[in-house]
Amino acid sequence: MSDMLLKGCGTALVTPFTEDGGIDTAAYAALIDRQVAAGVDFLVPLATTGETPALSAEEKLALMDTAVSHAAGRPLLVGCGSNSFNATLDNMELLDGHGVDAWLVVVPYYNKPTQEGQYRYFRAVAAATDKPIVIYNVPGRTGANMTADTCIRLANECENIIAIKEASGNYAQVSEIIRRAPEGFAVLSGDDDMTFAFMATGAHGVISVASNAFPAEVAEMTHRAAAGDYAGARELHHRLFPFFKACFVESNPIPVKAALEIMGQMRSDVRLPLAPASQHTKDIMNQLIGELCQK
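What counts as what
Residues numbered from 1 in each chain as written. Predicted model: local features only at pLDDT ≥ 70, side-chain atom pairs only at ≥ 80, totals over all residues. Heavy atoms only, no water. Helix = DSSP H or I, 4+ residues; strand = E, 2+ residues; numbered from the N terminus. Rg over C-alpha atoms; globule rule 2.2 N^0.38 Å. Buried < 20%, exposed > 50% of the residue type's maximum accessible area, 1.4 Å probe, protein only. Contact = heavy atoms within 4.5 Å. Areas by Shrake-Rupley, 256 points an atom, 1.4 Å probe, with all protein chains shown as cover. Pairing = 2+ DSSP bridges. Axes fitted to C-alpha atoms, helices over the stretch in contact; angles between N-to-C directions. Lys, Arg positive; Asp, Glu negative; His and termini not counted. Salt bridge = Lys/Arg side-chain N within 4 Å of Asp/Glu carboxyl O. Parallel < 35°, antiparallel > 145°, perpendicular 65-115°, else oblique. Left-handed = near helix turned anticlockwise from the far one by under 90°. Nonpolar A, V, L, I, M, F, W, Y, C, P; charged D, E, K, R; others polar. Expected span 1.5 Å × (residues − 1). Arc of directions from axis to C-beta. Phe/Tyr/Trp six-rings, centres within 6.5 Å; stacked < 30°, edge-to-face > 60°. Lys NZ or Arg CZ within 6 Å of the ring centre and 35° of its normal.

1. Considering the overall build of the protein chain
Secondary structure summary: the protein chain contains 12 helices and eight strands in total. The C-alpha atoms of the protein chain give 18 Å as radius of gyration, which agrees with the globular expectation for 295 residues (19 Å, within 12%). Taken along the three principal axes of its C-alpha coordinates, the protein chain extends 50 × 45 × 35 Å. Across the 295 residues that make up the protein chain, the buried fraction comes to 52%. Considering only contacts in the protein chain between residues 6 or more positions apart, those separated by 24 or more positions represent 71%. When the accessible surface of the protein chain is split by element, carbon and sulfur atoms take 50% of a total near 11,900 Å².

Structure below.
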């Protein structure tokens, strides 16, 4: 098992766009600076929240260069997964050498692999790199769930598979992974609203959407939970819970980008096939941000 242990709060970084549709590098740098200043533990560029499927190779490299120069030593867990083994390796080849500390590899989407197919895919990916790998299980987006048995099989057999980002929303499944995981294997929540419950059960932290907007609060919640201060972590969970839910009233990252625009941090533009936030989403975010910023 790798010596790297990802824990606490990692932010799944959004990708800001300019009015003419290009990458807003200045806003991206400022976003990362705020994360670092707020005490976030690691950063996750080029994942789902970053609208990575809509980015060109050149844009991915530009974002990585900015992330490296502003991360201030924070580990960079970089999304590279696809629904094709060869495409995943192509992404690794493109990004390797640009500050990647570990790879975030999603369960292949659309083609709905069996458990044996998932096992063979991740074994092959792990064999193709010497960097640590974090499995990303998000059946709501991929159409295929990775079971606890498959996760534990990979954790035991592949030395550089070091963690899973679990976004199945299935507490029993996550609890089983935590119970059976080998020493040094991390379980990270992929759902902000499940983080407190998962950490109380033994998970190590979260890869968060909400921390794009409220990094200090989400980081503090995970740090309190990790320290056994469940009363303090629970208070923050309840305070943030409405915002956690609001981040998914439309497809991520539409709502959190709307929140960031309201907070004056960047434009809320998204790329097709995503569409801008509805007025309903903007109204929800306006109300919640007003309430959270008063507390």
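2. Observations concerning the sheet that holds strand β8 (residues 205-208)
Pairing is parallel across the open sheet formed by eight strands, whose spatial order is β2-β1-β8-β7-β6-β5-β4-β3. The outermost strands of the open sheet, each flanked by one partner alone, are β2 (42-44) and β3 (77-79). In this sheet, neighbouring strand axes are inclined to one another by 30 degrees on average, regardless of whether the strands run parallel or antiparallel. Sheet analysis places β3 next to strand β4 (residues 102-106), joined by three bridges and oriented parallel. From the neighbouring strand, glycine 79 faces β4, where its bridge partner is leucine 104. Its contacts with the sheet put helix α7 (residues 171-180) on β5 (133-137), β6 (161-166) and β7 (186-189), and the angle it makes with β6 is roughly 160 degrees.

3. Considering the side chain of aspartate 191
Of note, aspartate 191 is situated in the loop between β7 and α8 (195-201). Buried charged residue aspartate 191 carries no salt bridge. Nearest counter-charge: lysine 165, at 7.9 Å. Those residues in contact with aspartate 191, other than ones at most four positions away along the chain, are Glu166, Ala167, Ser168 and Gly169.

4. Some words on the pairing of β5
Look at any regular strand and the pattern is simple: side chains alternate between the two faces of the sheet. In terms of residue burial, β5 counts as a mostly covered element, since five of its five residues are buried. Here β5 shows two buried faces, one formed by Ile133, Ile135 and Asn137 and the other by Val134 and Tyr136. Where β4 lies against β5, four bridges are found, and the strand directions are parallel. The residue bridging valine 106 from the neighbouring strand is tyrosine 136, located in β5.

5. Regarding the packing of helix α10 (residues 230-246) against helix α12 (residues 279-294)
Following both chains from N to C, one finds α10 and α12 inclined at 160 degrees, their axes separated by 10 Å at the closest point. As far as their axial angle goes, α12 and α10 are roughly antiparallel. The hand of the α10/α12 crossing is left-handed. Contacts between α10 and α12 pair Arg239, Leu240, Pro242, Phe243 and Ala246 from the former with Ile284, Met285, Leu288 and Leu292 from the latter. When its residues are assigned to classes, the contact of α10 with α12 shows eight nonpolar, no polar and one charged.

6. Notes on helix α9 (residues 215-226)
For an α-helix, 3.6 residues make a turn, and residues three or four places apart therefore share a direction. Look at α9: 16 Å from first C-alpha to last across 12 residues, which is about the 16 Å you get at 1.5 Å a residue. Turning to α9, its buried residues number three or more, namely Pro215, Val218, Ala219, Met221, Thr222 and Ala225. Buried residues in α9, looked at end-on, bunch into an arc of 155 degrees, giving them a common side. On its buried side, α9 packs onto β1 (8-12), α1 (25-38), α8, β8 and α10. Backbone geometry just after α9 places glycine 228 at a positive phi near 85 degrees.

7. Some details on the pairing of β8
Along β8, one buried face is formed by Gly205 and Ile207 and the opposite face, lined by Val206 and Ser208, is buried too. The pairing of β1 with β8 spans four bridges and is classified as parallel. What sits directly across from glycine 8, in β8, is glycine 205. Note that β7 and β8 share two bridges and pair parallel.

8. With respect to the packing of aromatic side chains
This structure, assessed with the given rule, holds five aromatic pairs. Each ring, one from tyrosine 171 and one from phenylalanine 198, has its centre 6.3 Å from the other, and the planes form 25 degrees; the classification is stacked. Remark: phenylalanine 198 occurs in helix α8 and tyrosine 171 occurs in helix α7; sequence separation between them is 27 residues. Of the residues examined, phenylalanine 198 reaches a relative accessible area of 0% and is grouped as buried. One aromatic cluster is present, formed by Phe85, Tyr121 and Phe122 through successive ring pairs. The ring of tyrosine 119 carries arginine 153 above its face, with NZ or CZ at 3.4 Å from the centroid. A cation sits over an aromatic face here: lysine 165 above tyrosine 136, 4.0 Å from the ring centre.

The quantities given are spatial measurements derived from coordinates; they are silent on function.
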